Amino acid sequence: MEQITYHVDKDILYIAIAGRVDASNAPAVEQEISCIKSENTGRHTVIDADNLEYISSAGLRVILKLRKEEPKLVIINVSPEVYEIFDMTGFTDMITIEKAYRRISVEGCEFIAKGANGAIYRYDAETIVKTYYNKDALPEIQQERENARKALALGVNTAIPYGIVRVGDGYGTVTELLNATSISKLIKANPEDLTQAVAYYADTIKHIHSIEVPKGELPDFKVWVLAWADFLNDHLPADKAKKLHDLINALPESKHMMHGDYHTNNIVEQNGETLLIDMDTLSVGCPVLEFGSMYNAFVGFYELDHEIAKDFLGFDFETAGKFWRLSLARYLETEDEAVLSDVEEKAKVIGYTRILRRCIRKNDTQTNINYYKKQLIDQIDKVDTLNF
């Protein structure tokens, strides 16, 4: 039945109903929903009414029967017109019914940056919109908003998304950022003088790392990294895989905040202050774990194709590498090349672990996989500890 479609995401059964549901088709709609549920037993059901134009009393009886079978039924993306029907008949008092999100388009909007999970656009003079690659990103959005609230309460300047919108067939968040400029754009505008951009970038992450987070408030970055290493068990020589695990496991437990995806697209300057605008990977851990991701953001990901740096960051590979080293020096408060190189070598272990896993999962070319495998093995051989 074309009017009914469904998909499953993390044990939630999403059933989408389109068009009109009235006396002429309500029995068929009921039968189709029943068949879908029988094929997906044990899953929580969510009715997606994004394309539902009208529902009559016959359609309401279908919903009522479904609710009796599943007391925690949820209906989402309900238009104002359909919501009024649910409200007038008392359904909003007994079922969780969520109104549809406002629809917007980012076509023609100024592109600001892109990250691992989405792209950011300036929607108007006062607001930005983050669009998510995942079409079912509501759980990600809710988690990111919660992380932003936690970070703000703990002393991190962060812009909290205040609204959820529909963008195309996906979701986005709206954030007020008046006259804000990404650090990437500051670098692009003046690549010959990185002093201010480095200060903004390095000082902000050092402040984040100084914050102790109450136990259990945020996930442990180390657990994520161990999962990356576990994935590589069958792709590395046994002795190298063991040493990689030993190096990671030897890192001390830490309650200090990590950003998790800290690059110059995720931090903006506004009136002389910095604000973080991407908080979905907020976590706790040791600085070397963060440095691994930072190394990737400016060097690691682009080693085989330098042009990708300009596409992602907005400035060239040479500038990105220079910015990384200057930022590391400011963070560590030293210009001693031996110290900087030692920390970088440790960071590369984490960075290449992440990249190699990513290459294998994405079925990258064998050339790329072999390159990053060699880099990781070389780094494992070079270091005896990740602590510094």
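A brief look at the structure comes next. (Residues numbered from 1 in each chain as written. Predicted model: local features only at pLDDT ≥ 70, side-chain atom pairs only at ≥ 80, totals over all residues. Heavy atoms only, no water.)

## A closer look at the sheet that holds strand S6 (residues 74-78)
Two orientations exist for strands paired in a sheet by backbone hydrogen bonds: parallel and antiparallel. This is how it is decided: A strand pair is defined by DSSP finding two or more bridges across the two strands. Only runs of H or I of at least four residues qualify as helices and only runs of E of at least two qualify as strands under DSSP, and these elements are numbered from the N terminus. Fitted lines through C-alpha atoms serve as axes, helices being fitted only where they are in contact, and the angles separating the N-to-C directions of these axes extend from 0 to 180 degrees. Residue contacts are defined here by distance: any two heavy atoms, one from each residue, within 4.5 Å place the two residues in contact.
Taken in spatial order, the five strands of this open sheet run S1-S2-S4-S6-S7, and their pairing is mixed. Edge positions in the sheet fall to strand S1 (4-9) and strand S7 (96-99), since each of these pairs with one other strand and no more. On average, each strand axis in the sheet is tilted by 20 degrees relative to the strand beside it, whichever way the strands run. Of the pairings in the sheet, the one linking strand S4 (residues 44-48) to S6 comprises three bridges and is parallel in character. Among the inter-strand pairings, Val46 is bridged to a residue of S6, identified as Val74. Along the sheet face, helix H3 (residues 80-88) touches S6 and S7 and points at about 145 degrees away from the line of S6.

## Digging into the environment of Ile104
Convention followed: With a 1.4 Å probe rolled over the protein chains alone, any residue whose accessible area is under 20% of its type maximum counts as buried; one over 50% counts as exposed, and the rest are partly exposed.
Note on placement: Ile104 falls in strand S8 (residues 102-104). Look at Ile104 and you get buried, because its relative accessible area is 9%. Taking the C-alpha atoms as reference points, Ile104 and Trp224, separated by 120 residues in sequence, lie 35 Å from one another. Apart from the residues within four sequence positions on either side, Ile104 is in contact with Tyr123, Val129, Val165, Arg166, Val167 and Gly168.

## Description of helix H6 (residues 195-209)
Note the following rule: By this rule, a helix spans an expected 1.5 Å times one less than how many residues it contains.
Between the first and last C-alpha of H6 there are 21 Å, a value that for 15 residues agrees with the 21 Å anticipated at 1.5 Å per step. Within H6, burial applies to Ala197, Val198, Ala199, Tyr200, Tyr201, Ala202, Thr204, Ile205, Ile208 and His209. For H6, the secondary structure elements touched by its buried residues are helix H5 (183-189), strand S15 (257-258), strand S16 (267-270), strand S17 (273-276), helix H9 (287-298) and helix H11 (317-332).

## Description of the sheet that holds strand S9 (residues 110-114)
Spatially, six strands are ordered S8-S12-S13-S11-S10-S9 in an open sheet, and the strand pairing comes out mixed. The open sheet is flanked by S8 and S9, the only strands paired with a single partner. Recorded for the sheet is a direction-independent mean angle of 35 degrees between the axes of neighbouring strands. The pairing of strand S10 (residues 118-122) with strand S11 (residues 127-132) spans five bridges and is antiparallel. Following the sheet pairing, Ile120 is matched in S11 by Lys130. Lying over the sheet, helix H4 (residues 138-153) contacts S11, strand S12 (163-167) and strand S13 (170-176), oriented at roughly 155 degrees with respect to S12.

## Digging into the packing of helix H8 (residues 238-249) against helix H13 (residues 366-382)
Inclusion rule: An angle below 35 degrees is read as roughly parallel, one above 145 as roughly antiparallel, one from 65 to 115 as roughly perpendicular, and any other as oblique. Handedness of a crossing follows from how the near helix is turned relative to the far one, being left-handed for an anticlockwise turn of less than a right angle and right-handed for a clockwise one. Charged means Asp, Glu, Lys or Arg here, nonpolar means Ala, Val, Leu, Ile, Met, Phe, Trp, Tyr, Cys or Pro, and polar covers whatever is left, Gly included.
Look at H8 against H13: their axes get within 10 Å of each other, and the N-to-C directions meet at 60 degrees. Taken together, the axis directions place H8 and H13 in an arrangement best described as oblique. At the point where H8 passes H13, the crossing takes the left-handed sense. For the pair H8 and H13, the contacting residues are Lys240, Lys243 and Leu244 in the first and Leu376, Ile377, Ile380 and Asp381 in the second. Residues belonging to the contact of H8 with H13 are distributed by class as follows: four nonpolar, no polar and three charged.

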